Amino acid sequence: MSFAFAACSALIGCGGTLHYDVQGSGQATGADVKMSADVSEETSMTRINIKAAHLPPPERLEQSGTAFVVWTRPSDGPWQRVGALNYDKDERSGELLAASVPLVAFELMVTAEKAAAPMVPSTAIVASQHVAP
């Protein structure tokens, strides 16, 4: 699979924290995803925070969809589930806070899924971003 990365900007802030503003992709073009990644090269870990607004209902993107799931992978590895967004259907928003990823450079994507804990990502990509210091 190939993925188009829709990065609007990547700004390096104090203390090694990276900030990304990512526009939605595919059927979720109106989605607005803000992400921060606190990278620790010393421990090879990254703590991520994701806040998404203007999310379409997951069932619009994935048949029988119920959740939005965050995935990461190194450039040469398989996708790993990080967790599901805490989705508020009335506000059309979701967030995943203080999630740890055992990588310092990786691909990240948010997908609509039929369940909050799938084994592999669906093709219903909401947003994607390359994360690296």
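Residues numbered from 1 in each chain as written. Predicted model: local features only at pLDDT ≥ 70, side-chain atom pairs only at ≥ 80, totals over all residues. Heavy atoms only, no water.

Novice: Outline the pattern of salt bridges, supporting the account with residue identities and numerical values.
Specialist: Taken as a whole and assessed by the stated rule, the structure comprises two salt bridges. One salt bridge in this structure joins aspartate 21 and lysine 34, with 3.3 Å as the shortest N-O distance. Within this pair, whereas aspartate 21 is found in strand β2 (residues 17-23), its partner lysine 34 is found in strand β3 (residues 32-40), the two being separated by 13 residues in sequence. We classify aspartate 21 as partly exposed; its relative accessible area is 30%. (Salt bridge = Lys/Arg side-chain N within 4 Å of Asp/Glu carboxyl O. Helix = DSSP H or I, 4+ residues; strand = E, 2+ residues; numbered from the N terminus. Buried < 20%, exposed > 50% of the residue type's maximum accessible area, 1.4 Å probe, protein only.)

Novice: Any chance you could break down the nonpolar core for me, citing the residues and the numbers?
Specialist: General note: in soluble globular proteins, nonpolar side chains tend to be found buried as a group. Counting residues in hydrophobic clusters, the biggest one holds 29 residues, and the most contacted among them are Ile48, Leu85 and Leu108. Counting residues per element, the ones that place at least two in this core are β2, β3, β4 (45-53), β5 (67-73), β8 (93-101), β9 (106-113) and β10 (125-131). Excluding residues within four positions of it along the chain, leucine 108 makes contact with Met35, Ile48, Ile50, Val70, Trp71, Thr72, Trp79, Ala127, Ser128, Gln129 and Val131. Within the second largest apolar cluster, five residues are counted, among which are Val69, Trp71, Trp79 and Met109. (Core = buried A, V, L, I, M, F, W, Y, C linked by side-chain atoms within 4.5 Å. Contact = heavy atoms within 4.5 Å.)

Novice: Which residues make up unusual backbone geometry, and what values go with them?
Specialist: What you tend to see is this: most non-glycine residues have negative phi, and most peptide bonds are trans. Phi at serine 64 is positive, roughly 65°, even though this residue is not glycine. Checked against the element boundaries, serine 64 lands in the loop between α1 (58-61) and β5. Its identity is not glycine, yet alanine 98 carries a phi of approximately 55°, on the positive side. With respect to the secondary-structure elements, alanine 98 resides in strand β8.

Novice: Tell me what's going on with the side chain of threonine 46, and back it up with residues and numbers.
Specialist: Inspection of the secondary structure puts threonine 46 in strand β4. Residue classification places threonine 46 among the buried positions, given a relative accessible area of 1%. For threonine 46, the side chain forms a polar contact with the main-chain oxygen of leucine 103, separated by 2.5 Å. Residue contacts for threonine 46: discarding those within four places in its chain leaves Ala37, Asp38, Val39, Ala99, Ser100, Val101, Leu103, Val104 and Phe106. (Polar contact = N/O pair within 3.5 Å; in protein donor to acceptor, adjacent residues only side chain to side chain.)

Novice: Lay out the pairing of β9 with the relevant residues and their values.
Specialist: Looking along a regular strand, one sees the side chains alternate between the two faces of the sheet. Of all eight residues in β9, eight are buried, a share of seventy percent or more. Residue alternation in β9 divides its side chains into two sets, Phe106, Leu108, Val110 and Ala112 and Glu107, Met109, Thr111 and Glu113, and both sets are buried. Of the strand pairs in this sheet, β5 and β9 are connected by seven bridges, and their pairing is antiparallel. Residue pairing across strands places alanine 67 opposite glutamate 113, the latter belonging to β9. (Pairing = 2+ DSSP bridges.)

Novice: Account for the sheet that holds strand β6 (residues 80-84), with residues named and values stated.
Specialist: In space, the four strands of this open sheet follow the order β6-β5-β9-β10, with antiparallel pairing throughout. Of all strands in the sheet, those with a lone pairing partner are β6 and β10, marking the two edges. Averaged over all neighbouring strand pairs, the angle between strand axes comes to 20°, with direction disregarded. Two strands pair when backbone bridges link them, and β5 and β6 are joined in this way by four bridges, in the antiparallel orientation. The residue of β6 that forms the bridge with threonine 72 is glutamine 80. (Axes fitted to C-alpha atoms, helices over the stretch in contact; angles between N-to-C directions.)

Novice: Describe in detail the environment of glutamate 95, supporting the description with residues and values.
Specialist: The residue glutamate 95 is located in strand β8 in this model. Using a relative accessible area of 30% as the deciding quantity, one classes glutamate 95 as partly exposed. Each C-alpha atom of the pair glutamate 95 and valine 70 lies 10.0 Å from the other, and the pair is 25 residues apart in sequence. Among all residues touching glutamate 95, those that are not within four sequence positions of it are Ile50, Lys51, Ala84, Leu85 and Asn86.

That is the geometry; function is a separate question.
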